[in-house]
Amino acid sequence: MLKTKNILLTGLLIIFTLSLFSNLLNSCKHDSNIIDELPEICFESQVLPIFQNSCALSGCHDEASAVHDVILSNYNSIVKTVVPGKPDESMTYKSITDFRSDDFMPPDNALPMASRTIIRVWIEQGAKNTTCPEIIIPIDTIPDPEDTATWVNPRACFERDILPILLGSCGISGCHDAITAEGERIFTDYAHTMNDVEAGNPDESDLYEKITESDPNDIMPPPPYSPLPKAQTDSIYNWILSGALNEYCGVYCDTSNITFSGIIDPIISVSCRSCHSGASPGGGVSLNNYNDIASLASSGYLLKVLLADGAPLMPRGGALPECKIGQIEIWINNGFPND
């Protein structure tokens with residue numbers, strides 16, 4: 001069995017830095033010895049994703065747009081906007097922390113404190129282009145051990161990646177929504193979800209244990225619903241492993257390259273398929289494959305339920321984000337191609 005390498009690095013770092021910096025970030029003075037005690041921040045795996053998902057978006061600070069001649073999509077460009085060792089003198093850090101400034105970034109969604117802390121500590125440590133060892137997950141934690149000998153999962157963010165899975169598969173009417181609260185469990189928001197999560201330890205988290213249970217009578221979602229796909233259980237595992245943070249990681253809404261395999265099917269898989277698959281699909285409606293989805297699309301019913309236009313709102317856990325509904329609408333208007 002493979003050994004876990006640096007498996008708790010991110011979670012421990014977040015917990016440690018938040019406890020040390022809770023009163024530090026708004027102070028004019030700090031003890032440099034604190035920085036020396038912290039693990040080294042890894043630019044590639046911890047800092048760069050924050051910038052890429054929240055700043056280097058199309059129309060903002062990607063290479064094509066470069067608003068105000070600022071690019072935040074790679075190390076060489078980002079490091080030009082900071083003063084190594086001096087976050088309070090760094091343009092980028094000041095822009096993400098000065099809420100009163102007209103230049104505050106991101107303009108509509110402040111970065112979580114954990115993300116701002118990571119950036120600050122990275123600058124304090126010299127703003128180096130560091131790379132950390134990959135997180136290697138033991139084979140016995142993978143639902144299908146024969147799938148691969150070594151597996152690396154990208155980090156997942158709660159609002160963007162985890163909450164849609166929970167709303168579409170667990171926090172639905174009659175199960176774990178706020179009204180039903182089956183088993184006194186609610187999975188429609190971060191606070192309630194954390195009652196079944198032990199940050200940094202997926203194997204001790206009831207949520208992860210239930211969605212990967214080997215006994216078909218105990219697994220969630222229960223029959224006749226289909227178990228969560230491996231990709232979704234993997235995302236939940238890695239989110240918990242990384243500290244189970246309540247982060248918003250930003251979403252780039254691609255409306256120019258809408259394909260069934262790349263955009264539409266993943267939306268259906270995350271938000272709809274757990275209910276609408278298997279031997280007894282919800283409402284007698286199957287969404288197992290392209291033919292099922294295209295049939296609903298051509299009838300007009302798919303868009304009708306997503307918009308609640310004279311039909312029950314779907315998914316039952318809550319409406320899809322506007323971006324995803326728009327992508328589905330574009331795909332339908334294009335003749336719902338199977339590409």
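To start, this report covers the structure provided alongside it.

Quick notes on the rules
- Residues numbered from 1 in each chain as written.
- Predicted model: local features only at pLDDT ≥ 70, side-chain atom pairs only at ≥ 80, totals over all residues.
- Heavy atoms only, no water.
- Helix = DSSP H or I, 4+ residues; strand = E, 2+ residues; numbered from the N terminus.
- Core = buried A, V, L, I, M, F, W, Y, C linked by side-chain atoms within 4.5 Å.
- Buried < 20%, exposed > 50% of the residue type's maximum accessible area, 1.4 Å probe, protein only.
- Contact = heavy atoms within 4.5 Å.
- Expected span 1.5 Å × (residues − 1).
- Salt bridge = Lys/Arg side-chain N within 4 Å of Asp/Glu carboxyl O.
- Phe/Tyr/Trp six-rings, centres within 6.5 Å; stacked < 30°, edge-to-face > 60°.

As for unusual backbone geometry
Cis geometry marks the peptide bond from Met-105 to Pro-106, where omega comes out at -15°. Along the chain, the position of Pro-106 falls in the loop between helix H5 (91–97) and helix H6 (113–124). With omega at -5°, the peptide bond leading from Met-220 into Pro-221 counts as cis. You can see Pro-221 is positioned in the loop between helix H9 (206–211) and helix H10 (230–241).

Re the nonpolar core
Core analysis: the biggest nonpolar cluster contains 23 residues, and Ile-264, Ile-293, Leu-302, Ile-328, Trp-331 and Ile-332 have the highest contact counts within it. Those elements that place two or more of their residues in this core are helix H11 (260–271), helix H12 (290–299), helix H13 (301–307) and helix H14 (322–333). Those residues within four positions of Ile-264 in sequence are excluded, and the remaining contacts are Ile-258, Thr-259, Gln-327, Ile-328 and Trp-331.

Details of H6
Between its first and last C-alpha atoms H6 spans 16 Å; for 12 residues at 1.5 Å apiece the expected length is 16 Å, and the two agree. In terms of burial, H6 is largely enclosed, as 11 of its 12 residues are buried. What H6 keeps buried is the set Ala-114, Ser-115, Arg-116, Thr-117, Ile-118, Ile-119, Arg-120, Val-121, Trp-122, Ile-123 and Glu-124. The positive-phi residue at the C-terminal boundary of H6 is Gly-126, with phi of around 110°.

Regarding H10
Helix length check: H10, at 12 residues, gives a terminal C-alpha distance of 16 Å against a target of 16 Å (1.5 Å per residue), a fit within 8%. Here H10 lies mainly inside the structure; 10 of its 12 residues are buried. The complete set of buried residues in H10 reads Gln-232, Thr-233, Asp-234, Ser-235, Ile-236, Tyr-237, Asn-238, Trp-239, Ile-240 and Leu-241. Two residues or fewer past H10, Gly-243 is found with a positive phi of approximately 115°.

Quick look at the pattern of salt bridges
In this structure the tally under the stated criterion is 7 salt bridges. With a shortest N-O distance of 3.0 Å, Glu-40 and Lys-128 are connected by a salt bridge. Residue Glu-40 is found in the loop between helix H2 (32–37) and helix H3 (43–54), and its partner Lys-128 is found in the loop between H6 and helix H7 (158–169); the two are separated by 88 residues along the sequence. The class for Glu-40 is partly exposed, based on a relative accessible area of 40%. Where Asp-234 meets Lys-230, a salt bridge forms, and the shortest distance between an N and an O atom there is 2.9 Å. One end of the pair, Asp-234, and the other, Lys-230, are both in helix H10, 4 residues apart, so they sit about a helical turn from each other. Through salt bridges with shared partners, a single ionic network connects Asp-88, Arg-120 and Glu-124.

Some remarks on the packing of aromatic side chains
A full pass over the atoms with the stated rule returns 10 aromatic pairs. Arranged with centres 5.3 Å apart and planes meeting at 35°, the rings of Phe-158 and Trp-239 form a pair that is tilted. Of the two residues, Phe-158 is situated in helix H7 and Trp-239 in helix H10; the sequence distance between them amounts to 81 residues. Just as Phe-158 is buried, Trp-239 falls in that class too. Aromatic side chains Tyr-208 and Tyr-237 sit 5.0 Å apart centroid to centroid with 70° between the ring planes, which places their arrangement in the edge-to-face category. Placement of Tyr-208 in helix H9 and of Tyr-237 in helix H10 is noted, with a sequence separation of 29 residues between them. A relative accessible area of 4% means that Tyr-237 is categorised as buried. Taken together, the ring pairs connect Phe-260, Tyr-290, Trp-331 and Phe-336 into an aromatic cluster.

These figures capture arrangement, not role.
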